[in-house]
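Listed below are the residues making up each chain.
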Amino acid sequence: MKKLYRFLIVAVLICSSFVTKAQNDGVVFTLMPQMPYSNYLNPGIKVPYRGIVGVGFSNISFSIYNSSIKYTNIYSTNSKGEEVIDGMKFINSLDENDNYFNFNMSMDLLNVGFRVNKLFVNLDWRMRVSTDFQFSRDFLGFFVLGNGHYLGDDNPCNFNIGIDAMAFQEIAAGFQYDINDHLTIGIRPKLLGGIANFTVTNDNTKIRTDADSYAISADVDLSIRAASVIKSDMMRIKDVTHLFDDFEVSRSVDVKENIGFGVDFGASYKFNDHWGAAAGVYDLGYIKWRDAKVKEVKKNNVSVNDELFDNYQELKNLKLDYESMLSDVVDAVWGNDSLTVGGDYKTSLKTRIMAQGYYELNPMVRFTAIAQLYKVRENMKPAITLAYSGSFWNHLNLSLSYTLSKYTGNALGVGIGVHAGPFNIYAVSDNVLAIAKMSASTVEFATAYKTAGMRFGIVFSW
Amino acid sequence: MRKVFTNSILTVLVVLVAIATASCKKKEVKKIAVDNQFAVALFNDTISLKKILHDMDSTTNTWLRVRNDSIFAFYADSVNGVIKASDFLGAIPNMDGFNTVTEFTLGGIDETEEKDTTLFTERFTEIPFEYDGFDIEEVVLRSGTFSFDVEVTPLNGSTPFHLLKQIVIFSEQLVSQDGVPMNIVLDYGRGRKSVDLADYKIIPDTAKTVAFSSRITFHYDPTIGFDGGDYQCDLTGSLTNVGFKTVYAVVTKELDSVFNDHADIDFGINGLSGSAYLPVPKIELTYRNTFGLSATSDVTRLEFYNSRTGLITDLLAADHWEETIEPTNGRFVSRRIGNFVEEIDALAGYTRLDFDGNVMMAMPGDKISISDTSTVDVISEIEMPLSFRISDLHYTDTIKISFGDDVNIQNYLDEIDFTIDFDNKIPLQITLQGLFMKNGTVIDSLFDNGGTILYNEPGSLECIVTDRKMKNVLRANQMLLRLGVTTQFDGQSQPEMVILKESNDIALRMKMLTKSSEINLDDIL
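Per-chain numbering applies: the sequence of each chain, read as written, is numbered from 1 onward. The order in which chains are written sets their letters, starting at A; the order in which ligands are written sets their numbers, starting at 1. Confidence filtering applies because this is a predicted model: local features only for residues at pLDDT of at least 70, side-chain atom pairs given and counted only at 80 or more, and all residues used for totals across whole chains, interfaces and linings. Just so you know, side-chain values use all the structure's heavy atoms and leave hydrogens and water out.

Visitor: Break down the overall build of chain A for me, citing the residues and quoting the values.
Guide: Helix and strand assignments follow DSSP, with helices taken as H or I runs no shorter than four residues and strands as E runs no shorter than two, numbered in order from the N terminus. In terms of regular secondary structure, chain A is built from 9 helices and 23 strands. Counting only residues that meet the buried cut, chain A has 54% of its 462 residues in that class. By the convention used here, residues are in contact when the closest approach between their heavy atoms is within 4.5 Å. Partitioning the contacts of chain A with sequence separation of at least 6, the portion at a separation of at least 24 is 69%. Here the accessible surface of atoms and residues is derived via Shrake-Rupley with a 1.4 Å probe, and residues count as covered only by protein chains that are part of the display. Carbon and sulfur atoms make up 63% of the accessible area of chain A, which totals about 20,700 Å². Relative accessibility under 20% of the residue-type maximum defines a buried residue, over 50% an exposed one, and the middle range a partly exposed one, all with a 1.4 Å probe and only protein chains included.

Here it is as structure tokens:
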């Protein structure tokens, strides 16, 4: 059992090391007519069952998002008509500062719901991982184009990156009440338990290459914060490999350490048998992380390399001491690698605001339009989704969606569900075209579309 | 209608998936267009001349000295006892040839009373004591033993000889420290008699001999009587372990040595051409001469000779160079040895050093005194400023090079620009060039426009390694290295005599810019 706990914690930490920022799991699966989790994002959307039970695999979703690295921006044709990877084109296609990779995962460990007259109550225990990596154009440009493209004091390389990785569990109690035959409202308070958080903020680091001497210097503005449920005296980053030495769950883990609160709320209104609308807010809340380990580095004009050969003797022998060279740079930029105990800090959930309206011709044909605002860093990014959904023979549910977003890119989503008495199985992709690229090259598969997501589950309803 | 619509929707979905899948043909990408430039600072330092010299030879503290910022190469050594009197005064052969045999006949004595009779023999033996070129006046002995014995043997059946009582040997030429002549008394029949001659003086007579005289005392005892008969007297003696302490003498003929000689020389300098005028070193000689005589050397010719060109360079500033080492009474005396020309061309290809002259130690009539502790101790120091006047000095060498077949940087680098920025405060103008050769044929050069490091004038050297040059470098198997140095700076008609100083330095900044435009993945994966 101890080994299992250890494995799970390591797995969660590994997952949390993937990078993310946007909370971009799709909405389309909630549109399928017989979906027991229709209130997943908006607790005000009516659940069409008297009760539901989902255990373990009832709702598992993965999504990845890549804001900027796009397949069509990587390749070009050279003067000989050959297909080549075009570094300059690729770098120029990136946003100056806001380029993201993210990975989200959520899994409902337990989801139980039941209806009492007009009130539908459900309890949900969910594990969530949200990882985010943000980088500037120059961050990749430095490596791809070389520092020779950033010569001169007035042409620095903005070497900015950001990492925000978080794993947490969510215990929610949802309440949905039918005010009347038209209006349903809902609210879902959530108790959040942070498992691990790792945040790197590096917004203003500049690397300069002197045009005369080619000496490289840097203005470093780096902040690291980390916290977890694991109680540890680890104060040096390199000691992370010893994190689980003498590890015992009962002694080393405190699940009450990082507590947060959140809430989802919304309402839906059914005008008649054909038209309806809904609006809601998802993931409004925060987690307070305690006993953080922090590191702040703010230095100007740090010498990264002013000479490859330290002295005349090294030059004469053409002998380089790479280890000390690297060590010198790390020391100069980073200083000692010890973390310090910082205060508590908060991280907010990636809040989403949604408004949607639909027209249903019959159960087989429903068209829905959804407007969303995603919170990305401190900004709200818009997206519009047009979706078709329908139920056939009272057993088969289909959905097809198209999402337009400057931020996430346009995506074609497809979903399918089967409802057979109490048994419901479904699978949804937010971008089916990405799945279609599975036969392509790895680079193409990974970069053809900005976003890809998959959600599936088996849930019982009655 | 409902069925048709359902089928239509399903068909659209299938077609969309099919189109998306079919459009995803795998691309065969072989190249990366990069257009990247990496700028690397390789070296940036100001290197002092002293550090350069130390890096070239870590033993500089043993031969390099700085005085008033000027750098000198020096060599110092001391030798105690370059000449030691003990080497040639200490070993005088032993003299065992002191053997006098006398036969005599005595008639019988018929006396009734006891009676002593003394027989005096002057200079019964003389030992020669002379050295060629010297008239020895006096020698004090450090050691020596004089011993003698007397035995009288009856001959022809004669009765034993009981008359001999005492023998006294003495010499006016062997005098004790107190001035008393040596006087040795031997009682007959008591065995051999020896005398320690330490601190005795030998004062040879005018005949350059040491003479010994004797007094022999006979004693007659009537109770014993004496019948007479034939006898033989053996007087034997030896002078052994003689060591001189001090010799006082008068020189009787010139002590000199004439030399006319030459020595083949090889500076071991290969691959150098041009001229490099170096100052002749200053020689500081400190000596102590406790001999009682001086030595004078007179060098009349000291020349470097080039047997190929016939060039002769006279090292003497005057017709001759004379140096005298006088007795110093135990003190050290310093003297700068001069009379040399100020500078010579070190690269004139000399093969021989010719030298004529003589050494004169003493003249007839000079009185000398030599002790066995007399020495000549020498501390010599040779110092030469790092100073020279160089014109068109070139060092040429051919180096085998091979970068091997595994070097394929040309596959991902189009060009490497090496730049050396310099600010040279060392008073030398240096030209560098490397010629890459394949089987003896020059195929490329390191610097397209030559490389010159000017003195006191900041500048840059650029080596642009293009794709063509890179290929040539990689296929070359030899590099002809040419290094040129001159002290004839811009605007000067003649090379300048420069002195290297500790404060001289060169600021060097080396940097590299690599350029790539296209990388072939097959070449690097």
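Visitor: Tell me about the overall build of chain B, and please be specific about residues and values.
Guide: Along its length, chain B carries 5 helices and 32 strands. Within the span of chain B, comprising 525 residues, buried residues form 40% of the whole. Carbon together with sulfur atoms contributes 51% to the accessible area of chain B, which is approximately 28,400 Å² in total.

Visitor: Give me the sheet that holds strand β15 (residues 282–289) of chain B: which residues, what numbers.
Guide: All names here are of chain B. Spatial ordering of the open sheet is given by β2-β3-β23-β15-β19, a layout of 5 strands whose pairing is antiparallel. At either end of the open sheet lies a strand with only one pairing partner, and these are β2 (64–67) and β19 (333–337). Ignoring which end each strand starts from, the neighbouring axes of this sheet average 30 degrees apart. As paired elements, β15 and β19 share 5 bridges and run antiparallel to each other. By definition, two strands form a pair when at least two bridges between them are found by DSSP. Lines fitted to C-alpha atoms define the axes here, with helix axes fitted over just the stretch in contact, and angles between the N-to-C directions of these axes take values from 0 to 180 degrees.

Visitor: Before we move on, can you summarise the side chain of Ser147(B) with the specific residues and values?
Guide: Residues and elements named next belong to chain B. Relative to the helices and strands, Ser 147 resides in strand β6 (residues 134–155). With relative accessibility at 7%, the residue Ser 147 sits in the buried group. Counting of polar contacts relies on pairs of N or O atoms within 3.5 Å, with two restrictions inside protein: one atom must be capable of donating a hydrogen and the other of accepting it, and residues adjacent in sequence are counted only when both atoms are side-chain atoms. A polar contact of 3.3 Å, which involves the side chain of Ser 147, links it to the side chain of Arg 192. When sequence neighbours within four positions are dropped, the list of residues in contact with Ser 147 reads Arg 192, Lys 193, Ser 194, Thr 236, Gly 237 and Ser 238.

Visitor: Give me the packing of aromatic side chains: which residues, what numbers.
Guide: Centre-to-centre distance and the angle between the planes together describe a pair of aromatic rings. Any pair of Phe, Tyr and Trp rings, taking the six-membered ring for Trp, is counted once the centres come within 6.5 Å. Such a pair is stacked with planes under 30 degrees apart, edge-to-face with planes over 60 apart, and tilted for the rest. Applying the stated criterion across every chain, the model contains 30 aromatic pairs over all chains. Centroid distance Phe146(B) to Phe148(B): 6.3 Å. Interplanar angle 35 degrees. Geometry classified as tilted. Comparing Phe146(B) with Phe148(B) shows no difference in burial state: the two are buried. A ring pair is formed by Phe304(B) and Tyr350(B), whose centres lie 4.9 Å apart and whose planes are at 20 degrees; its orientation type is stacked. With Phe304(B) in strand β16 (residues 295–305) and Tyr350(B) in the loop between β20 (343–345) and β21 (352–362), this pair connects stretches of sequence that are 46 residues apart. A relative accessible area of 10% means that Phe304(B) is categorised as buried. Judged by its relative accessible area of 5%, Tyr350(B) is buried. Put simply, the rings of Phe101(A), Phe133(A), Phe135(A), Phe139(A), Phe142(A), Phe143(A) and Phe159(A) touch in pairs and so form one group of aromatic residues. Over the aromatic face of Tyr282(A) sits the side chain of Lys190(A), whose NZ or CZ is 4.7 Å from the ring centroid. Criterion for a charge above a ring: Lys NZ or Arg CZ within 6 Å of the ring centre, and within 35 degrees of the ring normal. Above the plane of the ring of Phe74(B) lies Arg65(B), whose end atom (NZ or CZ) is 4.1 Å from the centre.

Visitor: Describe the pairing of β6(B), and please don't skip the residues or the numbers.
Guide: A regular strand places its side chains so that they alternate between the two faces of the sheet. All names here are of chain B. Two elements, β6 and strand β12 (residues 226–251), share 19 bridges in a ladder whose sense is antiparallel. Of the residues in β12, the one forming a bridge with Val 140 is Thr 246. When β6 meets strand β10 (residues 201–202), the two strands line up antiparallel, connected through 2 bridges. Note on β10: the bridge partner recorded for Val 139 is Ile 202. Alignment of β6 against strand β9 (residues 193–196), held across 4 bridges, turns out to be antiparallel. Counterpart to Phe 146 in the pairing with β9 is Val 195.

Visitor: Talk me through the sheet that holds strand β3 (residues 75–77) of chain A; I want residue IDs and the actual numbers.
Guide: What the 6 strands build is an open sheet, ordered β3(A)-β4(A)-β1(B)-β32(B)-β25(B)-β29(B); its pairing is mixed. Edge positions in the sheet fall to β3 of chain A together with β29 (459–465) of chain B, since each of these pairs with one other strand and no more. Each strand axis lies, on average, 25 degrees off the axis of its neighbour in the sheet, ignoring direction. Taken together, the 7 bridges between strand β25 (residues 415–424) of chain B and β29(B) define a ladder with antiparallel strand orientation. Following the sheet pairing, Asp421(B) is matched in β29(B) by Ser460(B). Together, β25 and β29 of chain B form the strand contacts of helix α4 (residues 467–475) of chain B, whose direction differs from that of β29(B) by roughly 75 degrees.

Visitor: Can you explain the side chain of Thr385(A)? Please cite residues and give values.
Guide: Take Thr385(A): it is sitting in strand β19 (residues 379–392). The residues touching Thr385(A), leaving out its near neighbours within four places in the chain, are Thr368(A), Ala369(A), Ile370(A), Gln372(A), Ser401(A), Tyr402(A) and Thr403(A).

Visitor: Outline the confidence of the model for chain A, listing residues and values.
Guide: The predicted model of chain A has a mean per-residue pLDDT of 82, with 82% of residues at 70 or higher. For every residue, the predictor states its confidence as a pLDDT score lying anywhere from 0 to 100. By mean pLDDT, helix α1 (residues 2–17) of chain A is the weakest element of chain A at 36, and strand β12 (residues 259–270) of chain A is the strongest at 95.

Visitor: Describe the confidence of the model for chain B, and please don't skip the residues or the numbers.
Guide: Residues and elements named next belong to chain B. Taken as a whole, chain B shows an average pLDDT of 81; of its residues, 89% reach a score of 70 or greater. Looking at the elements of chain B, mean pLDDT is at its lowest for helix α1 (residues 2–22), recorded as 42, and at its highest for β10, recorded as 92. Scored below 50 in pLDDT, residues 1–6 shows 8 contacts in the model against residues more than four places distant or in partner chains. Below pLDDT 50 for its whole length, residues 8–26 participates in 20 contacts with residues either more than four positions away or in separate chains. At the level of chain-chain contacts, confidence expressed as ipTM amounts to 0.73, with global pTM at 0.66.

Visitor: Which residues make up α4(B), and what values go with them?
Guide: Looking only at α4(B), the buried set comprises Lys469(B), Met470(B), Asn472(B), Val473(B) and Leu474(B). On its buried face, α4(B) is in contact with β25, β26 (429–438), β27 (441–445) and β29 of chain B.

Visitor: An account of the nonpolar core is needed here, citing residue identities and associated values.
Guide: In this structure, Leu141(B), Phe146(B), Phe148(B), Leu197(B) and Phe212(B) are the most contacted members of the largest nonpolar core, which totals 60 residues. A total of 10 residues in this core trace back to one element, the largest contributor, which is β12(B). In this text, buried Ala, Val, Leu, Ile, Met, Phe, Trp, Tyr and Cys residues form a nonpolar core when linked through side-chain atoms within 4.5 Å. Grouped together as the second largest cluster of nonpolar side chains are 40 residues, Leu308(A), Ile52(B), Ala276(B) and Leu347(B) included.

Visitor: Which residues make up the pattern of salt bridges, and what values do they have?
Guide: Think of a salt bridge as a Lys or Arg side-chain nitrogen and an Asp or Glu carboxyl oxygen that are within 4 Å of each other. Tallying each qualifying case throughout the model produces 47 salt bridges over all chains. A salt bridge links Arg389(B) to Glu343(B); the shortest N-O distance between them is 2.0 Å. Here Arg389(B), found in strand β24 (residues 387–400), pairs with Glu343(B), found in strand β20; they are 46 residues apart in sequence, far enough to count as distant. Residue class for Arg389(B) comes out partly exposed when judged on its relative accessible area of 22%. Through salt bridges with shared partners, a single ionic network connects Asp108(A), Asp124(A), Arg126(A), Arg128(A), Glu170(A), Arg188(A), Lys190(A), Asp264(A) and Asp283(A).

Visitor: Explain unusual backbone geometry to me, using residue names and the numbers behind them.
Guide: You will see that Asp283(A), though not glycine, has its phi angle at about 65 degrees, which is positive. Structurally, Asp283(A) is set in strand β13 (residues 275–289).

Visitor: For the environment of Asp35(B), give the residues involved together with the corresponding values.
Guide: Considering the arrangement of structural elements, one finds Asp35(B) in strand β1 (residues 31–48). Overall, Asp35(B) belongs to the partly exposed group, its relative accessible area being 36%. Along the sequence, Asp35(B) and Glu518(B) sit 483 residues apart, while their C-alpha atoms lie 7.0 Å from each other. Ignoring anything within four residues of it in the chain, the contact list for Asp35(B) reads Met88(A), Leu145(A), His149(A), Ser516(B) and Ser517(B).

Visitor: Describe a negative patch on the surface, listing the residues and the values that go with them.
Guide: For patch building, the residue pool is restricted to those with more than 30% relative accessible area and no salt bridge; the joining distance is 9 Å between like charges and 5 Å between nonpolar side chains (Val, Leu, Ile, Met, Phe, Trp, Tyr). Think of it this way: Lys and Arg go in the positive column, Asp and Glu in the negative one, and His and the chain ends go nowhere. Every charge is mapped to an atom, namely NZ of Lys, CZ of Arg, CG of Asp or CD of Glu. A cluster of acidic residues, Asp306(A), Asp310(A), Asp321(A), Glu323(A), Asp328(A) and Asp331(A), forms a negative patch on the protein surface. Its place among the elements puts Asp328(A) in helix α7 (residues 322–334).

Visitor: Lay out the environment of Gln433(B) with the relevant residues and their values.
Guide: Residues and elements named next belong to chain B. Mapped onto the elements, Gln 433 comes out in strand β26. Ignoring sequence-local partners within four residues, the contact set of Gln 433 consists of Ser 445, Leu 446, Phe 447, Gly 450, Leu 480, Leu 481 and Arg 482. A distance of 2.8 Å separates a polar side-chain atom of Gln 433 from the backbone oxygen of Phe 447.

Visitor: Give a description of a nonpolar patch on the surface that names residues and reports values.
Guide: All names here are of chain A. Nonpolar side chains collect at one region of the surface, where Val 55, Leu 110, Trp 125, Ile 171, Leu 191, Phe 261 and Tyr 286 lie side by side and expose about 620 Å² of accessible area between them. Within the fold, Phe 261 resides in strand β12. A residue is classified by how much of its surface remains accessible, and Phe 261, at 45% relative accessible area, is partly exposed.

Visitor: Describe the pairing of strand β22 (residues 423–429) of chain A, and please don't skip the residues or the numbers.
Guide: All names here are of chain A. Bridge count for strand β21 (residues 411–420) against β22 is 7 bridges, and the pairing is antiparallel. Within β22, the position partnered with Ile 416 by the bridge is Ala 427. Hairpin remark: β21 followed by β22, antiparallel, with 2 residues in the connecting loop; positive phi at Gly 421, about 60 degrees.

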